[in-house]
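# Descriptive analysis of the structure
Listed below are the residues making up each chain.
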Amino acid sequence: MFLQNPTTQAAVTTADKVFEQLQHAIVEGDMAAGSKISEPGLAKHYQISRSTLREALNRLEKCHLIERKANVGSRVVDCTIEGLLELYITREALEGMACRQAALNMTDEEIAYMQDMLTQHAGDKALQDGVAYYQEKGDLDFHYKVILGSHNQQLINLICGQLYHLVRMYRCQFGMNSPRASRAFDEHSRIIQAIADRDGELAEMLMRRHIAASRKNIENKIALQEAAQKSEEI
């Protein structure tokens, strides 16, 4: 069965190309979170018509990277703590199911690729030092490959098509440094082993626990930051 990957479709039209450039600028923070979007300014910058720009903006809205309101205009989404926690709760459910499906549907070649990818990740100095676990987007991103390995087009559309770049935007905005770096890598290793063993129930449980642990780590960080702020005020 042929599966469409919404994150790697070739840019054919002008709107496709502008969408990709704006998407990259938003995810990387070149267009600041919460900033207002000037449609006339962007149309002039890219030398395109307003209708072509609107087509690109419509796609960015579907990816949850911008918000558009009547009589107000468009702006880049804000990276809020509440939004981040909600995103992790959503990921826990969807990626858990994707992991169960991956255990059933992933080919032996796909599993071998992921095992090799984790070996490559293990050589990263920041991970070895236990301070950060940064993964390049696309084929070097563990979660991305698990989702594609589900071979479930609906899950791929939901996670890769609508949420993937928003997740990466939050990663860029909030940083990848984490005391969980080494533990997260170990969790990835156990997840791929469960997939290799074709144990869908265990794979789903491990993925849900993995994402829930990351969310709890974020909540702990927030609590510490709030406590520090209160002590400074006193």
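Here we summarise the structure given alongside this text. (Residues numbered from 1 in each chain as written. Predicted model: local features only at pLDDT ≥ 70, side-chain atom pairs only at ≥ 80, totals over all residues. Heavy atoms only, no water.)

What follows concerns the overall build of the protein chain. Scanning the protein chain for helices and strands turns up ten helices and three strands. Along the protein chain, from the amino end to the carboxyl end, the secondary structure elements read α-β-α-α-β-β-α-α-α-α-α-α-α. Here the protein chain holds 234 residues, and 42% of them are scored as buried. Considering only contacts in the protein chain between residues 6 or more positions apart, those separated by 24 or more positions represent 78%. (Helix = DSSP H or I, 4+ residues; strand = E, 2+ residues; numbered from the N terminus. Buried < 20%, exposed > 50% of the residue type's maximum accessible area, 1.4 Å probe, protein only. Contact = heavy atoms within 4.5 Å.)

We now examine the environment of Cys172. Residue position: Cys172 is located in helix α8 (residues 153-174). Put simply, Cys172 and Gly29 are 143 residues apart on the chain and 7.4 Å apart in space, counted from C-alpha to C-alpha. Residues contacting Cys172, with those up to four places away along its chain left out, are Val27 and Glu28.

Our focus in this paragraph is the pattern of salt bridges. Enumeration over the complete set of coordinates arrives at eleven salt bridges. Between Arg68 and Glu39 there is a salt bridge; the shortest N-O distance is 3.8 Å. With Arg68 in strand β2 (residues 66-69) and Glu39 in helix α2 (residues 39-46), this residue pair connects regions lying 29 residues apart in the sequence. By relative accessible area, Arg68 is classed as partly exposed at 25%. (Salt bridge = Lys/Arg side-chain N within 4 Å of Asp/Glu carboxyl O.)

Grouped burial of nonpolar side chains is what soluble globular proteins tend to show. Counting 52 residues, the largest nonpolar core has Phe142 and Ile195 as the members making the most contacts within it. No other element matches the seven residues that helix α4 (residues 81-105) contributes to this core. Counting nine residues, the second largest nonpolar core, distinct from the first, contains Tyr144, Leu148, Leu155 and Tyr164. (Core = buried A, V, L, I, M, F, W, Y, C linked by side-chain atoms within 4.5 Å.)

On to the packing of aromatic side chains. Going through the model one piece at a time under the given rule, you end up with one aromatic pair. Taken together, a centroid distance of 5.1 Å and an interplanar angle of 50 degrees make the contact between Tyr144 and Tyr164 tilted. Of this pair, Tyr144 sits in helix α7 (residues 142-149) while Tyr164 sits in helix α8, and the two are 20 residues apart along the sequence. Judged by its relative accessible area of 1%, Tyr144 falls in the buried class. Taking the relative accessible area as the measure of exposure, Tyr164 reaches 7% and is therefore buried. Note that Arg91 overlies the ring of Tyr88, its terminal NZ or CZ placed 5.0 Å from the centroid. (Phe/Tyr/Trp six-rings, centres within 6.5 Å; stacked < 30°, edge-to-face > 60°. Lys NZ or Arg CZ within 6 Å of the ring centre and 35° of its normal.)

On to the sheet that holds strand β3 (residues 73-76). With respect to topology, three strands assemble into an open sheet ordered β1-β3-β2, the strand pairing being antiparallel. Every other strand in the sheet has two partners, leaving β1 (36-37) and β2 as the edge strands with one partner each. Examined bridge by bridge, β2 and β3 share four bridges and lie antiparallel to one another. What sits directly across from Arg68, in β3, is Ser74. In the packing of helix α3 (residues 50-62) onto the sheet, contacts are made with β2 and β3, and the angle to β2 comes to roughly 115 degrees. (Pairing = 2+ DSSP bridges. Axes fitted to C-alpha atoms, helices over the stretch in contact; angles between N-to-C directions.)

The next point concerns the environment of Thr80. Summarising the element assignment, Thr80 is placed in the loop between β3 and α4. Residue Thr80 is classed as partly exposed on the basis of its relative accessible area of 32%. Between the C-alpha atom of Thr80 and that of Tyr170, which follows or precedes it by 90 residues, the distance is 8.9 Å.

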